[in-house]
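Now for the letters of each chain:
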Amino acid sequence: MENNIVLEMKGIDKLFPGVKALQNVDFTLRQGEIHALMGENGAGKSTLIKVLTGVYPMDGGEIIMEGKSIVNHSPEQAQENGISTVYQEITLCPNLSVAENLFIGREPRKAGFIDWKAMNKRSAELLENLDIHVAPAQELDECSIAVQQMIAIARAVDMKCRVLILDEPTSSLDDDEVEKLFVLMNKLKAQGVGIIFVTHFLEQVYAVCDRITVLRNGELVGEYTTKELPRYQLVAKMMGKDFDDLADIKSEHAGKPHAAGAPVIEATGIGHKGTIRPFDLTVEKGEVIGLTGLLGSGRSELVRAIYGADKADSGTLKVNGKQAKINAPIDAMQQGMAYLPEDRKRDGIIADLSVRENIIIALQAKRGMFHPMSRKEMDEAADKYIDMLQIKTASRETPIKSLSGGNQQKCIIGRWLLTNPDFLILDEPTRGIDIGTKTEIQKLVLDLADKGMSVAFISSEIEEMLRTCSRMAVLRDGKKVGELSGSDLTQDKIMQTIAGGDKTNV
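Cut-offs used in this document
- Here the residue numbers are simple positions, counted from 1 along each chain's written sequence.
- Only residues with pLDDT of at least 70 are given local features in this predicted model, and only at 80 or more are side-chain atom pairs given and counted; all residues enter the totals for whole chains, interfaces and linings.
- Values reported for side chains reflect all heavy atoms of the structure, with hydrogen atoms and water molecules removed beforehand.
- A side-chain nitrogen of Lys or Arg and a carboxyl oxygen of Asp or Glu constitute a salt bridge if their distance falls within 4 Å.
- Secondary structure elements are defined from DSSP: runs of H or I of at least 4 residues count as helices, runs of E of at least 2 residues count as strands, and each element is numbered from the N terminus.
- For each residue, the accessible area found with a 1.4 Å probe, counting protein chains only, is set against the maximum for its type, and the residue is called buried under 20%, exposed over 50%, and partly exposed in between.
- Here, expected helix span is obtained from the residue count minus one, scaled by 1.5 Å.
- Starting at the helix axis, one direction is taken to each C-beta atom, and the arc is that of these directions.
- Contacts are assigned to residue pairs with any non-hydrogen atoms lying within 4.5 Å of each other.
- Pairing between two strands is assigned when DSSP locates at least 2 bridges connecting them.
- Helix axes are fitted only over the stretch in contact, all axes being lines through C-alpha atoms; the angle between N-to-C directions runs from 0 to 180 degrees.
- Only the six-membered ring of Trp is used, alongside the rings of Phe and Tyr, when aromatic pairs are assigned; centres must lie within 6.5 Å, and planes under 30 degrees apart are stacked while those over 60 apart are edge-to-face, with the rest tilted.

Caption draft 1: Region of interest: the pattern of salt bridges. A complete count under the given rule lists 27 salt bridges for this structure. Residue Glu397 is joined to Arg375 by a salt bridge in which the shortest nitrogen-to-oxygen separation is 3.0 Å. Placement of the pair is Glu397 in the loop between helix H14 (375-388) and helix H15 (405-417) and Arg375 in helix H14, with a sequence separation of 22 residues. Judged by its relative accessible area of 33%, Glu397 falls in the partly exposed class. A salt bridge links Arg471 to Glu483; its shortest N-O distance comes to 2.6 Å. Note that Arg471 is positioned in strand E21 (residues 471-476) and Glu483 in strand E22 (residues 479-485), a separation of twelve residues in sequence. Its relative accessible area of 12% is what places Arg471 among the buried residues. Within the structure, one salt-bridge network assembled from shared partners comprises Arg356, Arg375, Asp379, Asp383, Arg396 and Glu397.

Caption draft 2: Up close: H14. Counted at 1.5 Å a residue, the expected span for H14 with its 14 residues is 20 Å, and the 20 Å between its end C-alpha atoms agrees. For H14, the set of buried residues is Met378, Asp379, Ala381, Ala382, Tyr385 and Ile386. Along H14, the residues classed as buried sweep out an arc of 165 degrees about the axis, all on the same side. Facing away from the buried side of H14 by over 90 degrees, the exposed positions are Lys376 and Asp387. Tucked inside the fold, the buried residues of H14 contact helix H13 (355-367) and H15.

Caption draft 3: Examining unusual backbone geometry more closely. Phi is positive for Glu428, close to 50 degrees, though the residue is something other than glycine. Secondary-structure assignment places Glu428 in the loop between strand E19 (423-427) and helix H16 (435-450). Glu428 gets classed as buried once you look at its relative accessible area, which sits at 3%. Unlike most non-glycine residues, Asp477 shows phi in positive territory, near 50 degrees. Turning to its location among the elements, Asp477 is positioned in the loop between E21 and E22.

Caption draft 4: Summary view of the sheet that holds strand E17 (residues 322-324). Judged by pairing direction, the sheet is antiparallel, and its four strands sit side by side in the order E14-E13-E16-E17 without closing on themselves. Across the chains shown, the open sheet's two edge strands, defined by having one partner strand only, are strand E14 (276-284) and E17. Within the sheet, the average angular offset between the axes of one strand and its neighbour, ignoring direction, is 20 degrees. Relative to E17, strand E16 (residues 314-319) runs antiparallel, the two being bridged by three bridges.

Caption draft 5: Structural detail: the pairing of E22. Relative to E22, E21 is paired through six bridges, and the arrangement is antiparallel. Looking at the pairing, Arg471 lines up with Ser485 of E22. Here E21 hands over to E22 after two residues, with Asp477 in that stretch at a positive phi of 50 degrees.

Caption draft 6: The arrangement of the packing of aromatic side chains in detail. Enumeration over the complete set of coordinates arrives at three aromatic pairs. Between Phe182 and Phe197 the ring centres are 6.3 Å apart and the planes differ by 90 degrees, which places this aromatic pair in the edge-to-face class. Here Phe182 is found in helix H6 (residues 175-190), whereas its partner Phe197 is found in strand E10 (residues 194-198), with 15 residues between them in sequence. Each member of the pair, Phe182 as well as Phe197, is classed as buried. Ring geometry for Tyr307 against Tyr339: centres 5.2 Å apart, planes inclined by 55 degrees, an arrangement best described as tilted. With a gap of 32 residues between them, Tyr307 in helix H10 (residues 299-307) and Tyr339 in strand E18 (residues 337-340) connect regions that are remote in the sequence. Tyr339 carries the same exposure label as Tyr307, and that label is buried.

That is the geometry; function is a separate question.
Here it is in C-alpha cells:
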C-alpha cells in the first residue's frame, strides 16, 4: 500500500528575466520516504526547493501540504507549515552550545529568564532519541561538520517538521560520517518524516533513497522508484540521452588520434581530503585528456589538486619528468601550467580592468613584480590574442565587463596562452557561449595539441569531449573510476562507466 502523500507540488512555474527556470514541474513526497531530487547543473533543483520554502515566489502552480493548499512567503512560514531545510553550509551559531543551537529563538523560560536546566535536559533527551552522541553543553564549534549537520536536523525535527529537505548534506563528509547521517535519516523515515534528499552522489541515492525525481533544464523528466531505475538509465535521464538511441559519433567527430609523447604530468596518489580521493594520472605531450563525470564527481577538484588551487595533502607530482612541489597556483605557473577555471565571473575575469590588462595579468604574475612588462609588450601581447582568437572588442582598452560571455572567455584563454604553458587546464571553457565560438575553441584546443601542448579538458557535454579528446578519465563521487581511449571512447561506454557498470546495474 502506498504511503500517505504529505506534500504535492503541481505544475510549478518560475520565471527569471529571459529564463524559464521551472516549467510545469510536479513533485510528490510521501510520509516516511526518502526521495532524491536529481539533475545536472541548471536543472532547477535549487529553484524548486527555494519556491517550496518561500525564498522565491512561484509564477504558477500549487503547493499542497497534507491536503491543504499553502503558499510560503518565507522560510520561517515554511517552517511553521512543517517544512525545514538543512543546507550544505551549516547555518547554526558555532560560538554557542549544542543546546543553545537546538533551542535558539525558542528557549524554555522560567520567570522571564532562560531555564538552562530544562533546556539542557530537553536537549539530552532529543539527542539520545536520535542517537546523536554529543553533550548538550559542548560548544558547537568543537563538533565535526557531520555532527553539526545532525544537530541542525535534530532542531528541525524538534520543531515538528513533517518535510525535511537535506540540500547536499554529504558534500563535506567522509564515508563514516555519511553512514551515520544515513542511520539518522532512516530513523526519521521510520518516524514518518518525509525527506527530500538533494544530492549528486549516485552511490548514496541507491544506498538510502526510496524514490528519485529527475529534473532537466527546468522541466520534469519523471519520478521513479529507486529499485526499478538502473543507474545507467538515471545517468541517461539526467544528461538527456536515451541510451537505446545512442550512436557512436566517434568516427564522425573524433579528435585526432594521439601519438604517445613524453609524460608532461605524472600524478601519483594525489588527493585532497574532502574533495578528491587519491588518484593517479599521466598526461603526455601533445595530448588532450578529457575529465568526465556528473556534476560534483570531482572533475574540477582533480585539476585543482594538480594545480595547487587546493593544496594536495597526499601523493607526488612529476612535471616533465622532475619531482615538483606545488603549494600554490604560482608554483604551478612556474612549472609551465595554466588553469582556466569553471567560474569565469568569480575566478576568471577582473571585471573593471581592460581587455589588455586581463590578458597580460597572468604573465606579469609569473614574471614577478621586479620584472614588469613594458607598455609596448603589453599592447603587442593583447593585440596578438585579440587577433588570434578573434575577440570582438572595440579596442584593447575596453573594460572586459562590457564584452559578451564568449568574448570574455576568449580573453581568459588568451591570458593563459600568453604564459606559453606546457600543460593547459580548461574547465568548462565553452559553457554559456554560442555554438560558433564553441567550435572555434574546440578547433583551437586541437591546434594547440598538434603544436605539442598538453591539455586537460572538462566539459559537461560528452559530444564536445568526443570531438576534442584522445583519452578520457572518468570520475564518480569524488574518485577516478576509469580511463577510456580508442574504440572505448563512445557515449555508451562513457555513461556506463559514470554509472558504475553495465546497462542493467542497479
